[in-house]
Amino acid sequence: MVGNQVTAKQQVPFDKKVEDIKLYIDGAFVDAESKETFDNISPFTNEKINAVASGDETDIEKAVKAARKAYKGEWGNMKMKDRLTYIYKIADLIDEHIDEIAPLESYDTGLPISQTKKMVARAANNFRFYAEMVSARLVGEVYQVDDEFLNYTVQKPVGIAGLITPWNAPFMLETWKIAPALATGNTVVLKPAELSPLTANRLAEIIDKAELPDGVFNVVHGYGETAGASLVANPDVELISFTGETTTGSEIMKNGADSLKRFSMELGGKSPIIVFEDADVDRALDACTWGIFSFNGERCTANSRLYLHESIAESFIENLKDRVANIRVGDPMRADTQVGPLIHTDHYNNVKSYIELAKDEGCEVISGNIPGELNRGNYVAPTILLNAKNNMRIVQEEIFGPVIAVMTFKDEAEVIELANDVRYGLAGYVWTKDMQRGHRVAHAIDSGMLWVNSQNVRDLRTPFGGSKHSGIGREGGHYAFDFYTETKIIHVAMKDHHIPQFGKK
Ligand code: NAD
């Protein structure tokens, strides 16, 4: 490495001796009360990276108690300006440590370093963005009733935010929830994914360094069924923001029903990309390839269903095959790697079983190359499933790996019907130069987010979330305030108005 420059094909230097991880509760790094730990495994070698404290109900209770104390105490009573100073400080500290956090994330998840670097930078932006949003947009409304009443709304924090996150972009997704939760004045208990605990721990160290009051931010590592379920069931936790699989989301909603939790659900996807005959096919090909194969295909908004107009299908598929043959599958720590290993052997087996299923269902399977020296990792080669049909399981179910199903269509009406014929509705991508059609199709597709002539480019001011089985509610922009704050209405009489006289003699 020359200075901070990582040149192509160079290995990012990284000290693989990672300390064992503790829970972060009430401003201190502590063992689980049970002293239990679990092993964190490398996706690249399938060897143990380190041991992680395995929290359970007792640790969750401790963390929630600390969060309650902080909420009732210093944090809850802090002036907004002072609170936001902490949020900016976290953003600055993340920025200062990007070159150290990104390799840690790649080491833990198998995501290529060039991609984790961008995600860590985005994580810092999440904090900065929400500090700005809260000072500019956390506003109420006033309703004047002639000269009699002034009715106004105020936004109050909800209390203790329980945040449960997945492994597929852990650091970014954690901060995407923590930033608005803290900036609006809540305190937090985070339960990160057990498969990717390293950067959640690093975030706890950063927040500790930013000297937030004890108990404002807590991290309880552990399994979903124990630590996660206890967080959901805890009656003192007011809200759960969850990102993960649709079936887990549904389970969480059942478990949180007794304590009437407020939920935000960011769930799975099976997003279509539609390429019409008049599209800029070169750009559509770039977007399509990046959209499914970046992040090892483990991206919620991945365009995993490709619908090609029949007149351009043959040449588009030939070019896609060419791309797949040339995608650089490699060590996630190499600056030029485009696809790394999948998170875990269970997930690897699951993705491989879908590729086998595709063959059984009658698809032609075209796969890229995996260099021989990578045989210890959970590598699945970028894969195209040709001759797919909408009713196949490989088209209906989320595979969450570097696998794209390809179909053709004759006209707009047909492709809208095909695109909508799944239970998911997270994202969609439309490629056409006819902008009337672009708008029309974007309106017609049942999904929370649509991109016309673009890949998944985010504008943090806009809402993020899915429809159908892809989610409930929206985060992002000021939409996060609907979830992380309680809207209170205050009615003030400006003069003596008529009050009905009950029981007066
Ligand atoms: P997952 O549902 O298996 O796990 C997510 C988190 O939930 C983990 O922390 C896990 O420990 C916890 N958990 C599991 N069971 C639980 C329970 N019973 N109670 C409480 N917590 C529990 O998901 P995953 O495999 O980690 O992530 C991949 C999924 O996430 C994919 O479906 C992907 O599409 C989805 N995702 C969605 C978005 C979005 O914004 N819509 C973003 C990223 C990922």
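Residue indices begin from 1 for each chain and proceed along its sequence in written order. Two thresholds apply to this predicted model, a pLDDT of at least 70 for residue-level local features and 80 or more for giving and counting side-chain atom pairs, whereas whole-chain, interface and lining totals are computed over all residues. Where side-chain values are given, they derive from all heavy atoms of the structure, hydrogens and water being excluded.

**Structural notes on the packing of aromatic side chains**
Okay, step 1: Note on aromatic pairs: the rings of Phe, Tyr and Trp (six-membered ring only in Trp) are paired at centre separations within 6.5 Å, and the planes decide the class, stacked below 30 degrees, edge-to-face beyond 60, tilted for the rest. Following the criterion strictly, the structure yields 14 aromatic pairs and no others.
Okay, step 2: Relative to Phe464, the ring of Trp176 has its centre 6.5 Å away and its plane inclined at 80°; by these criteria the two rings are edge-to-face. Residue Trp176 is found in helix 5 (residues 170-183), and its partner Phe464 is found in the loop between strand 19 (449-452) and strand 20 (467-468); the two are separated by 288 residues along the sequence.
Okay, step 3: Ring plane angle 75° and centroid distance 4.8 Å describe the contact between Phe483 and Tyr484, whose orientation is recorded as edge-to-face. Neither residue differs from the other here; Phe483 and Tyr484 are each classed as buried.
Okay, step 4: Grouping aromatic residues by their ring pairs yields a cluster made of Phe129, Tyr130, Trp176, Phe464 and Phe481.
Okay, step 5: For a ring to carry a charge above it, either NZ of a lysine or CZ of an arginine must fall within 6 Å of the ring centroid while also lying within 35 degrees of the normal to the ring plane. One cation-aromatic arrangement involves Arg122 over Trp176; the distance from NZ or CZ to the ring centre is 4.8 Å.
Okay, step 6: Against the face of Phe276 rests Arg437, its NZ or CZ located 4.0 Å from the ring centre. Strands are runs of DSSP state E lasting at least 2 residues, helices are runs of H or I lasting at least 4, and numbering of each runs from the N terminus. Between buried and exposed lies partly exposed: a residue is buried under 20% and exposed over 50% of the maximum accessible area for its type, with that area taken using a 1.4 Å probe on protein chains only.

**Let's talk about the site of the ligand**
Okay, step 1: Around the ligand, the surrounding shell holds 29 residues, and the nearest of these are Lys191, Glu194, Thr248, Leu267 and Glu398.
Okay, step 2: Between the ligand and Glu245 there is a distance of 2.9 Å, counted from an oxygen atom to a backbone nitrogen or oxygen.
Okay, step 3: The method behind every accessible area is Shrake-Rupley, applied with a 1.4 Å probe, and residues are considered shielded solely by the protein chains displayed. Across the complex, the protein chains shield 92% of the 850 Å² of accessible surface that the ligand would expose by itself.
Okay, step 4: Mapped onto the shell around the ligand, the elements with two or more residues apiece are helix 7 (224-233), strand 10 (239-243) and helix 8 (246-256). One heavy atom within 4 Å of a molecule or strand makes the whole residue count as near it. Pairing of N or O atoms within 3.5 Å defines a polar contact, subject to two protein rules: one partner must be a possible hydrogen donor and the other a possible acceptor, and residues neighboring in sequence count only if both atoms are side-chain atoms.

**Description of the domain arrangement of the chain**
Okay, step 1: Each assigned domain of the chain is listed with its residue range as follows: domain 1 (16-267 + 470-489) and domain 2 (272-452).
Okay, step 2: Taken over C-alpha atoms, the centre of domain 1 sits 31 Å from the centre of domain 2.
Okay, step 3: Here's the idea: put two parts together, see how much 1.4 Å probe accessible area each one loses, and the total over both is what we call buried area. The contact between domain 1 and domain 2 buries some 2,400 Å² in all, and 61% of this surface belongs to carbon and sulfur atoms.
Okay, step 4: Contact with domain 2 buries surface across domain 1, with Phe44, Trp167 and Ser470 losing the most and accounting together for 25% of the total.
Okay, step 5: Salt bridges are defined as contacts in which a side-chain nitrogen from Lys or Arg sits within 4 Å of a carboxyl oxygen from Asp or Glu. Linking domain 1 with domain 2 are one salt bridge, by the criterion used here. In this document the domain limits rely on a domain assignment from an automatic tool or a database.

**So, the packing of helix 1 (residues 57-72) against helix 7**
Okay, step 1: Structural elements are reduced to axes, namely lines fitted to C-alpha atoms, with helices fitted over the stretch in contact, and the angle between N-to-C directions of any two is expressed from 0 to 180 degrees. In the contact formed by helix 1 and helix 7, the axes pass within 8 Å of each other and the chain directions differ by 45°. Between helix 1 and helix 7, the angle falls in the class oblique. When you trace helix 1 past helix 7, the crossing you get is right-handed. In contact with Glu57, Ile60 and Val64 of helix 1, helix 7 contributes Ala227, Ser230 and Leu231.
Okay, step 2: Only Asp, Glu, Lys and Arg are considered charged, only Ala, Val, Leu, Ile, Met, Phe, Trp, Tyr, Cys and Pro nonpolar, and every remaining residue, Gly among them, polar. Partitioned by chemical class, the residues of the contact of helix 1 with helix 7 number four nonpolar, one polar and one charged. Convention used here: angles under 35 degrees read as roughly parallel, angles over 145 as roughly antiparallel, angles from 65 to 115 as roughly perpendicular, and any remaining angle as oblique. By definition, any crossing whose near helix is turned counterclockwise from its far helix by less than a right angle is left-handed, and any crossing with a clockwise turn is right-handed. Whether two residues are in contact is decided by their heavy atoms: any pair within 4.5 Å suffices.

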